[in-house]
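Chain residues, written in single-letter form:
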Amino acid sequence: MSTSTVTGADTLGAPAPVLSFSPVTLSVPGRPVDLQVRVSAPATGTGLAVILLSHGQGPSNNLSSLNGYAPLVNSWAAHGFVVIQPTHLTSRTLSHLVADAPGAPFFWRSRSEDMSHILDRLDMIEKAVPMLSGRIDHTKVAVAGHSFGGFTSSLLLGAQVTDPDEGGGVSLLEPRIKAGVLLAAPGRGDVLNGPMADALPVFRTVDFSTMTTPTLVVTGDQDDSRHFTDMGPDWHADPYTLAPGPKTLLTLFGAEHGLGGIAGYDAAETTDENPERVAALARLTAAYLRTQLRPGDPTWQAVCRALTAELDPIGRVESK
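Procedures and definitions
Residues numbered from 1 in each chain as written. Predicted model: local features only at pLDDT ≥ 70, side-chain atom pairs only at ≥ 80, totals over all residues. Heavy atoms only, no water. Helix = DSSP H or I, 4+ residues; strand = E, 2+ residues; numbered from the N terminus. Buried < 20%, exposed > 50% of the residue type's maximum accessible area, 1.4 Å probe, protein only. Contact = heavy atoms within 4.5 Å. Salt bridge = Lys/Arg side-chain N within 4 Å of Asp/Glu carboxyl O. Phe/Tyr/Trp six-rings, centres within 6.5 Å; stacked < 30°, edge-to-face > 60°. Lys NZ or Arg CZ within 6 Å of the ring centre and 35° of its normal.

Asker: Looking at this structure, how should I read unusual backbone geometry?
Answerer: Trans is the common state for peptide bonds, and a negative phi is the common state for residues other than glycine. Omega for the peptide link from Ala104 to Pro105 comes to 0 degrees, which places this bond in the cis form. Relative to the elements of secondary structure, Pro105 occurs in the loop between helix H2 (95–98) and helix H3 (108–120). Between Gly245 and Pro246 the backbone carries a cis peptide bond, its omega angle lying at 0 degrees. Located in the positive-phi region is Met131, a residue other than glycine, with phi close to 70 degrees. Counting through the fold element by element, Met131 comes out in the loop between helix H4 (122–128) and strand E6 (136–146). A positive phi angle, near 60 degrees, is found at Ser147, a position not held by glycine. Checked against the element boundaries, Ser147 lands in the loop between E6 and helix H5 (148–156).

Structure follows, in structure tokens:
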């Protein structure tokens, strides 16, 4: 295991202008409403890798939809990624339409299936977005998710659960996804004792031992999610601690569950607003995914080397 100290230094190069197009509407058989996505991409470049971004389940209406996470999305797209954001069925923007649908209100299985539906229709999405056709490398796909979106992403990366209603193991591994970023994701289930523990029984059954896809796990050292567990901030590091390598853990100093405000610009629900932290996190995650999706690319290693000597680090990196 290796450890280094990090700040927000940037070796990604100058950002490009960003194009954003929404909604792209996908008809999915059996889904109670159409799947709508936002697509953001740099205005220039070809052979672009894809990041599928799974939103969390915060108190705002539109941040938990294709309209959220602009601080991350804009930065990732500016640095060469096509970012695709679905509105999952859990979004408050859809609650009046899907309240009685199977899987309500948390739709834990549907959330992961949304990402596979997007990949099934990537050609269609590429052609629907102006100036994007022919610019995507369909073999270079990553997933990222915040909070509940981190759980969604964990399943796509190989974690398994037991269906709390039907019993039996469930694997939603998506082999087309080559790397992942988990942002303040839920941890193990055997320590759940908070008021939300019974609302999401599927969380109790998660098994990270099967999550073999390369993943960057991002936690805040002040992210104490007492509504799920009294384990403290270390709970969010479980996807790193309990999963096999290759895995990397980025612990952000002073960060709470919003990690500085990634869900939206000037979002009232952010308890630890810190634009510098958000900007650094966006660059660090972009560097990690660039290296994972393009073997031999030195960006992540260069970032870690450059950040080791900083006097005022935003956090630390461990890997295994």
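Asker: Is there a simple way to think about the environment of Val143 in this case?
Answerer: Here Val143 shows up in strand E6. Since its relative accessible area comes to 0%, Val143 is described here as buried. Linking Val143 and Gly68, residues 75 residues apart in sequence, is a C-alpha distance of 16 Å. Among all residues touching Val143, those that are not within four sequence positions of it are Leu52, Met115, Ser153, Leu156, Leu157, Ile177, Ala179, Gly180 and Val181.

Asker: Sorry, what's going on with the pattern of salt bridges here?
Answerer: For side chains bearing opposite charge, pairing can occur when the charged atoms are close. Applying the stated criterion across every chain yields a total of 10 salt bridges. Across the pair Arg176 and Asp120 runs a salt bridge, and its minimum N-O distance is 2.9 Å. Within this pair, whereas Arg176 is found in the loop between strand E8 (169–171) and strand E9 (179–183), its partner Asp120 is found in helix H3, the two being separated by 56 residues in sequence. A salt bridge links Glu174 to Arg176; its shortest N-O distance comes to 2.9 Å. Because the salt bridges share partners, they merge into one network encompassing Asp120, Glu174 and Arg176.

Asker: I tried to follow H5 on my own but got confused; where do I start?
Answerer: For an α-helix the count is 3.6 residues per turn, leaving residues at separations of three or four pointing the same way. Of all the nine residues making up H5, nine are buried; the element is thus mostly covered by neighbouring parts of the structure. Three or more residues of H5 are buried, namely Phe148, Gly149, Gly150, Phe151, Thr152, Ser153, Ser154, Leu155 and Leu156. For H5, the elements touching its buried residues are strand E4 (48–54), H3, E6, strand E7 (160–162) and E9. Gly158 sits one or two positions beyond H5 and adopts a positive phi of about 125 degrees.

Asker: Just checking my understanding: could you explain the environment of Gly315 for this structure?
Answerer: Position of Gly315 relative to the elements: it lies in strand E12 (residues 315–319). Looking at Gly315, the relative accessible area reads 0%, which means it is buried.

Asker: What exactly am I supposed to notice about the packing of aromatic side chains here?
Answerer: Using the criterion set out here, one finds seven aromatic pairs in the structure. Summarising the aromatic geometry, the rings of Phe203 and Phe228 are spaced 5.4 Å apart at their centres and angled 40 degrees between planes, so their arrangement reads as tilted. Of this pair, Phe203 sits in the loop between E9 and strand E10 (215–220) while Phe228 sits in the loop between E10 and helix H6 (238–241), and the two are 25 residues apart along the sequence. Comparing Phe203 with Phe228 shows no difference in burial state: the two are buried. Grouping aromatic residues by their ring pairs yields a cluster made of Phe106, Phe148, Phe151, Phe203, Phe228 and Trp235. The ring of Phe148 is capped by Arg111, whose NZ or CZ atom sits 4.3 Å from the centre of that ring. Sitting above the plane of the Tyr240 ring, Lys320 keeps its charged end 5.0 Å from the centroid.

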